[in-house]
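# Remarks on the overall topology
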Amino acid sequence: MKALILIALVFCAVPAAAQRRVIPPSDIKSGFEFLGPDLKKLQQDDFANPGTLWVDRGEKLWRAAAGGDGKSCADCHGDARTSMKGVAVSYPKIDERTGKLMSLEARILQSRVERQKAPPLARESEDLLALSAYITSLSRGLPMEANIDGPARRNFELGEAFFFRRRGQLNLACMHCHDANWGRTLFEERISQGHPNAWPAYRLDWQTMGSLERRLRACLSGVRAEILPYGSPEYTDLALYLSWRARGLPIESPGVRR
Ligand code: HEC
Ligand code: HEC
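Report follows, based on the coordinates. (Residues numbered from 1 in each chain as written. Chains lettered and ligands numbered in written order. Predicted model: local features only at pLDDT ≥ 70, side-chain atom pairs only at ≥ 80, totals over all residues. Heavy atoms only, no water.)

## Considerations on the site of ligand 2
Our working definition: Nearness is defined per residue: one heavy atom within 4 Å of the molecule or strand is enough. In the analysis that follows, any N or O atom pair within 3.5 Å is treated as a polar contact, provided that within protein one partner can donate a hydrogen and the other can accept it, and provided that, for residues neighboring in sequence, both atoms belong to side chains. In DSSP terms, a helix is any run of H or I states spanning at least four residues, a strand is any run of E spanning at least two, and both are numbered starting from the N terminus. Under the convention adopted here, Pro, Cys and the residues Ala, Val, Leu, Ile, Met, Phe, Trp and Tyr are nonpolar, Asp, Glu, Lys and Arg are charged, and Gly plus all remaining residues are polar.
Contacts to ligand 2 come from 24 residues, most closely from C174, C177, H178, S192 and C219. H178 places a side-chain nitrogen or oxygen 2.7 Å from a nitrogen atom of ligand 2. Contact between ligand 2 and R257: an oxygen atom at 2.7 Å from a side-chain N or O atom of the residue. At the level of elements, α9 (174–178), β4 (189–190), α10 (212–222) and α11 (233–245) are the ones that each hand at least two residues to the shell around ligand 2. Looking at the shell around ligand 2, the element that brings in the most residues is α10, giving five residues. Of the residues assigned to the shell around ligand 2, the class counts are 15 nonpolar, five polar and four charged.

## As for the site of ligand 1
Residues in contact with ligand 1 amount to 18 residues; listed here are only the nearest, C73, C76, H77, Y91 and S111. Within the side chain of Y91, a nitrogen or oxygen atom sits 2.5 Å from an oxygen atom of ligand 1. In this structure, a nitrogen atom belonging to ligand 1 sits 2.8 Å away from a side-chain N or O atom of S111. Residue assignment for the shell around ligand 1 shows that the elements contributing at least two residues are α4 (73–77), α6 (104–115) and α7 (126–137). A per-element tally of the shell around ligand 1 places α6 first, with five residues. Across the shell around ligand 1, the residue classes break down as 10 nonpolar, four polar and four charged.

## Quick look at the packing of aromatic side chains
Short version of the rule: Each pair of aromatic rings taken from Phe, Tyr and Trp, with Trp reduced to its six-membered ring, is defined by centres within 6.5 Å and is described as stacked if the planes are under 30 degrees apart, edge-to-face if over 60, and tilted in the remaining cases. Under the scheme applied here, a residue whose accessible area is under 20% of the maximum for its type counts as buried, over 50% as exposed, and between as partly exposed, the area being computed with a 1.4 Å probe on protein chains only.
For the structure shown, the criterion picks out 10 aromatic pairs. A centroid spacing of 6.0 Å and a plane angle of 90° characterise the contact between F34 and W182, whose relative ring orientation is edge-to-face. Of this pair, F34 sits in the loop between α1 (2–12) and α2 (37–44) while W182 is found in the loop between α9 and β3 (185–186), placing the two residues 148 residues apart along the sequence. A relative accessible area of 26% places W182 in the partly exposed class. A ring pair is formed by W54 and Y202, whose centres lie 5.9 Å apart and whose planes are at 55°; its orientation type is tilted. Taken together, the positions of W54 in helix α3 (residues 52–63) and Y202 in strand β5 (residues 201–203) put the pair 148 residues apart, joining distant regions of the chain.

## Let's talk about the coordination of the iron atom of ligand 2
In ideal tetrahedral geometry, four donors around a metal make angles of 109.5 degrees, whereas ideal octahedral geometry with six donors gives angles of 90 or 180 degrees. Quick reminder of the rule: Excluding water, the donors of a metal are its N, O and S neighbours within 2.8 Å, or within 3.2 Å for Na, K and Ca, and that exclusion means sites may look incomplete. Donor angles set the geometry label: tetrahedral for four donors if every angle is between 85 and 135 degrees, square planar for four and octahedral for six if opposite donors exceed 155 degrees and the others are between 65 and 115, irregular for anything else.
Listed as protein donors to the iron atom of ligand 2 are H178 (NE2) and C219 (SG); their distances from the metal cover 2.0 to 2.3 Å. Bound by six donor atoms, the iron atom of ligand 2 shows angles of 85 to 178° at the metal and therefore octahedral coordination geometry. Within this pair, whereas H178 is found in helix α9, its partner C219 is found in helix α10, the two being separated by 41 residues in sequence. Residue H178 is classed as buried on the basis of its relative accessible area, which comes to 18%.

## A look at the coordination of the iron atom of ligand 1
Distances from the iron atom of ligand 1 to its protein donors, H77 (NE2) and S111 (OG), fall within 2.0 Å. One can describe the donor arrangement at the iron atom of ligand 1 as octahedral, given that its six donor atoms subtend angles of 88 to 179° at the metal. Of this pair, H77 sits in helix α4 while S111 sits in helix α6; the two residues are 34 residues apart in sequence, bridging distant segments of the chain. Here S111 falls in the partly exposed class, since its relative accessible area comes to 26%.

## Describing α11
Formally: A helix is expected to span 1.5 Å multiplied by its residue count minus one.
In this model, α11 (13 residues) spans 18 Å end to end at C-alpha, consistent with the 18 Å of a helix rising 1.5 Å per residue. Buried residues dominate α11, accounting for 10 of its 13 residues.

Here you go:
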């Protein structure tokens, strides 16, 4: 309780004029910059980075037969190192067939169920995280570049509105922490700018890998706001806004976080 009052006090100090302050492009910094030296080292060393376990598992799953026709992802898509290279940079993305905005996880599930004819994987299951970590890792070092034109525009606007809307018992918006207070310390953790480029990431606090959605749910729970179910369109819209906001930052997944 004391801690909550403390944050409320800290964030009451945000002046009204800062309500819609956005970070200028020259100040955009990856969450990596806000890590201590130990976590930086852990993320950068593929042998020590615990996320590598999921990436390796994803690589095996890519080649494993599943579903009615006994096909693997590789049977249709070939070598992921070529077919999936650079794919993650533009997610969430509009699926032309359905016209819906989809996260990479949703797209993997769609392909698995409709194309591979295999049973769906649960959200946050080891296998789904492994596949999305593997595919995302194949874009490591490439800049994020969300497309917000055409049919994605509406999703983008909804995501942007979500980012700036106050919510929860603490009555804080995403912007209060990640636009207006980045660099400050909250519960021994430095608040970053809230970019999605390291996700899926391994979080020490969870002792496991998690998706961007799981991270967003942790932030919503931090302000005591309503937690939406996994796969809710609100999260995908918000993720599109975050990707656009982070455009140009290199993909770092698998990240390591506290
Ligand atoms: C039977 C063939 C088939 C299998 C098996 C298959 N896919 Fe696909 N996948 C497709 C086709 C075709 C598309 C593009 C058309 C569509 O579905 O919208 C696609 C699209 C995708 C995309 C979107 C690519 C992009 O450029 O945005 C991803 C990611 C993907 N598949 C991942 C997987 C994964 C992971 C597996 C294994 C779990 C898998 N697919 C299994 C046929 C397949
Ligand atoms: C009370 C402050 C607070 C609010 C409000 C908040 N977050 Fe966070 N957020 C944090 C902290 C603390 C972390 C963990 C340290 C860090 O990376 O910033 C974090 C982490 C993140 C990350 C991961 C960044 C990385 O590099 O790993 C993303 C993305 C994010 N937040 C997005 C959001 C979004 C979107 C909202 C609004 C729904 C939101 N946050 C609301 C405090 C907050």
